[in-house]
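These are the residues of each chain, in order.
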Amino acid sequence: MKTHVKKGDEVEIIAGNHKGKRGKVMVVNAAKDQVIVEGARKIKKAVRPTEANPDGGIEEEDGPVHISNVKKLG
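An account of the accompanying structure is given in this report. As a convention, each chain's residues are numbered from 1 in the sequence order in which they are written. Where totals are concerned, whole chains, interfaces and linings use all residues; where local detail is concerned, this predicted model gives features only for residues with pLDDT of at least 70, and gives and counts side-chain atom pairs only at 80 or more. Side-chain descriptors were evaluated using all non-hydrogen atoms of the structure, hydrogens and water having been removed beforehand.

Here we take up the overall build of the chain. Strands here mean DSSP runs of E at least two residues long; helices mean DSSP runs of H or I at least four residues long; both are numbered from the N terminus. Of the regular secondary structure elements, the chain holds 0 helices and 7 strands. Along the chain, from the amino end to the carboxyl end, the secondary structure elements read β-β-β-β-β-β-β. We take the radius of gyration over the C-alpha atoms and set the globule estimate at 2.2 Å times the residue count to the 0.38 power. Here the C-alpha radius of gyration of the chain, 14 Å, is well above what a compact globule of 74 residues would show, namely 11 Å. If you line up the chain on its principal axes, its C-alpha atoms span 45 × 25 × 20 Å. Put simply, the chain has 74 residues, and 22% of those count as buried. Partly exposed residues are those whose accessible area sits between 20% and 50% of the maximum for their type, while under 20% is buried and over 50% is exposed, using a 1.4 Å probe and protein chains only.

This part is about the pattern of salt bridges. The salt bridge criterion pairs a side-chain nitrogen of Lys or Arg with a carboxyl oxygen of Asp or Glu, the two atoms within 4 Å. Applying the stated criterion across every chain, the model contains 3 salt bridges. With a shortest N-O distance of 3.6 Å, Glu-12 and Arg-22 are connected by a salt bridge. You can see Glu-12 sitting in strand S1 (residues 10-13) and its partner Arg-22 sitting in strand S2 (residues 22-29), a full 10 residues away along the chain. Take Arg-22: its relative accessible area is 54%, and that puts it in the exposed class. The shortest N-O distance in the salt bridge between Asp-62 and Lys-42 comes to 3.3 Å.

A few words now on the sheet that holds S1. Strand order in the open sheet formed by 5 strands is S6-S3-S2-S1-S7, and the pairing between neighbours is antiparallel. Across the chains shown, the open sheet's two edge strands, defined by having one partner strand only, are strand S6 (64-66) and strand S7 (70-72). Between one strand axis and the next, the sheet turns by 50 degrees as a mean value, whatever way the strands run. The pairing of S1 with S2 spans 3 bridges and is classified as antiparallel. Among the inter-strand pairings, Glu-12 is bridged to a residue of S2, identified as Arg-22. Pairing between two strands is assigned when DSSP locates at least 2 bridges connecting them. To define axes, lines are fitted to C-alpha atoms, for helices over the stretch in contact only, and angles between the resulting N-to-C directions are given on a 0 to 180 degree scale.

Turning next to unusual backbone geometry. One non-glycine residue, Asp-33, adopts positive backbone phi at about 55 degrees. When you line up the elements, Asp-33 lands in the loop between S2 and strand S3 (34-37). Note on Asp-33: relative accessible area 27%, which makes it partly exposed.

In this structure, Val-5, Val-11, Ile-13, Val-25, Val-35, Val-37, Ala-40, Val-65, Ile-67 and Val-70 together form the largest nonpolar core, which totals 10 residues. If you list the elements that add at least two residues to this core, you get S1 and S3. Beyond its immediate chain neighbours, meaning those up to four positions away, Val-25 contacts Lys-6, Lys-7, Gly-8, Asp-9, Val-11, Val-35 and Ile-36. Only buried residues count toward a nonpolar core, which is a set of Ala, Val, Leu, Ile, Met, Phe, Trp, Tyr and Cys residues joined through side-chain atoms within 4.5 Å. In what follows, residue pairs with any heavy atoms lying within 4.5 Å of each other are defined as contacts.

Nothing here speaks to function; it is geometry throughout.
Next comes the structure, spelled out in structure tokens:
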């Protein structure tokens, strides 16, 4: 499926709670019509303890934004 943005593009969020935020596209999921923009939509996720992360706990990561809510800059 063809999208108007690709990984590495600079975009601005034009709709929703995170309107006005800008960042670089890290991941494009064309099947779900979603993109992950660096630093734009922080979500908290509970993580189980593992060998790499023995404490587990809550991590912050970038969440997906619908592709129609982003505008390519430049």
